[in-house]
Amino acid sequence: MSSVLHTTLDTQRREIRLLALLPGECTDPVSCQLHIDSLDREPLYEALSYVWGDSNEHRTILLDETEFPVTDNLYAALRRLRNRREKRVIWVDQLCINQSDLVERGHQVGLMESVYSKTFRALFWLAD
């Protein structure tokens, strides 16, 4: 099964990945799902800005039911931002951009102004 993270985005349609942060209690594992949408459709999402922190220190989340490493700071932000009863749709660069694909990463960085200007709410996470 191919992950949405590795599905090629359509640059002509200005596609981005959005993260559905699934509901849970404080002690539950952080669980998320990715889906693809187009900025031209004006999807409803929040955008998270944060400091990655030490890239050598990782925690694990469930991304599309598969264990996936994220930085400690992102893990803390997702855990704190998670709602108990409903999913929350967030754009977050570490997960919504395939970081190992340099071409995609370059294109997505070029869309970041639009990503942040089209969000209904920008979130800023300073530290845990």
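Keep in mind the model is a prediction, meaning the values are calculated, not measured. (Residues numbered from 1 in each chain as written. Predicted model: local features only at pLDDT ≥ 70, side-chain atom pairs only at ≥ 80, totals over all residues. Heavy atoms only, no water.)

1. Describing the overall build of the chain
So, step 1. Tallying secondary structure elements over the chain gives three helices and seven strands in all.
So, step 2. Across the chain, helices and strands are ordered from the amino to the carboxyl terminus as β-β-β-β-β-α-β-α-α-β.
So, step 3. At 14 Å, the chain has a C-alpha radius of gyration in line with the 14 Å of a compact globule built from 128 residues.
So, step 4. Counting over 128 residues, the chain shows a buried share of 42%.
So, step 5. For the chain, long-range pairs separated by at least 24 residues make up 67% of all intrachain contacts whose partners lie at least 6 apart in sequence.
So, step 6. Across the chain, the centroid of the 15 positively charged side chains sits 6 Å from that of the 20 negatively charged ones. (Helix = DSSP H or I, 4+ residues; strand = E, 2+ residues; numbered from the N terminus. Rg over C-alpha atoms; globule rule 2.2 N^0.38 Å. Buried < 20%, exposed > 50% of the residue type's maximum accessible area, 1.4 Å probe, protein only. Contact = heavy atoms within 4.5 Å. Lys, Arg positive; Asp, Glu negative; His and termini not counted. Charge placed at Lys NZ, Arg CZ, Asp CG, Glu CD.)

2. So, the sheet that holds strand 4 (residues 58-63)
So, step 1. Strand order in the open sheet made by the seven strands is 5-4-2-1-6-3-7, with mixed pairing throughout. With one partner strand each, in any of the chains shown, strand 5 (66-71) and strand 7 (121-125) form the two edges of the open sheet. Taken over all neighbouring pairs, the strand axes of this sheet differ in orientation by 40 degrees on average, direction set aside.
So, step 2. With two bridges connecting them, strand 3 (residues 46-50) and strand 6 (residues 88-91) associate as parallel partners. Note that in strand 6 the partner of E46 across the bridge is I90. (Pairing = 2+ DSSP bridges. Axes fitted to C-alpha atoms, helices over the stretch in contact; angles between N-to-C directions.)

3. Considering unusual backbone geometry
So, step 1. Within the chain, R14 stands out as a residue other than glycine whose phi angle is a positive 55 degrees.
So, step 2. Position of R14 among the secondary structure elements: in the segment before strand 1 (15-21).
So, step 3. Although it is not a glycine, E42 adopts a positive phi angle of roughly 55 degrees.
So, step 4. Looking at the secondary structure, you find E42 in the loop between strand 2 (31-38) and strand 3.

4. Regarding the pairing of strand 3
So, step 1. Most of strand 3 is tucked away: four of the five residues are buried.
So, step 2. With five bridges joining them, strand 3 and strand 7 adopt parallel strand pairing. Looking at strand 7, one finds that E46 is bridged to R121.

5. Considering the nonpolar core
So, step 1. Within the largest apolar cluster, 33 residues are counted, with the highest numbers of intra-cluster contacts made by L19, L48, I61, W91, V92 and L95.
So, step 2. Per-element accounting of this core gives the leading share, six residues, to helix 1 (residues 72-81). (Core = buried A, V, L, I, M, F, W, Y, C linked by side-chain atoms within 4.5 Å.)

6. Focus on the UniProt feature "domain: Heterokaryon incompatibility" (unreviewed entry) in the chain
So, step 1. UniProt annotation of "domain: Heterokaryon incompatibility" (unreviewed entry) refers to residues 45-127 when read in the numbering used here.
So, step 2. This span, residues 45-127, is 37% helix and 31% strand, and a straight line between its end C-alpha atoms measures 22 Å. (UniProt positions renumbered as here; feature names shortened; annotations may be inferred.)

7. Brief notes about the environment of A127
So, step 1. Along the chain, A127 turns up in the segment after strand 7.
So, step 2. When the C-alpha atoms of A127 and A76 are compared, they prove to be 8.0 Å apart, with 51 residues separating the residues in sequence.

8. Considerations on the environment of H6
So, step 1. Note on placement: H6 falls in the segment before strand 1.
So, step 2. Between the alpha carbons of H6 and D37 there is a distance of 14 Å; along the sequence they are 31 residues apart.
So, step 3. Leaving out residues up to four positions away in the same chain, H6 has contacts with R17 and N98.

9. Here's the deal with the pattern of salt bridges
So, step 1. With the rule as written, the count across this model stands at seven salt bridges.
So, step 2. A salt bridge links R14 to D40, with the nearest nitrogen and oxygen atoms 2.8 Å apart. Here the residue R14 occupies a position in the segment before strand 1, and D40 occupies one in the loop between strand 2 and strand 3, the gap between them amounting to 26 residues.
So, step 3. A relative accessible area of 22% means that R14 is categorised as partly exposed. (Salt bridge = Lys/Arg side-chain N within 4 Å of Asp/Glu carboxyl O.)

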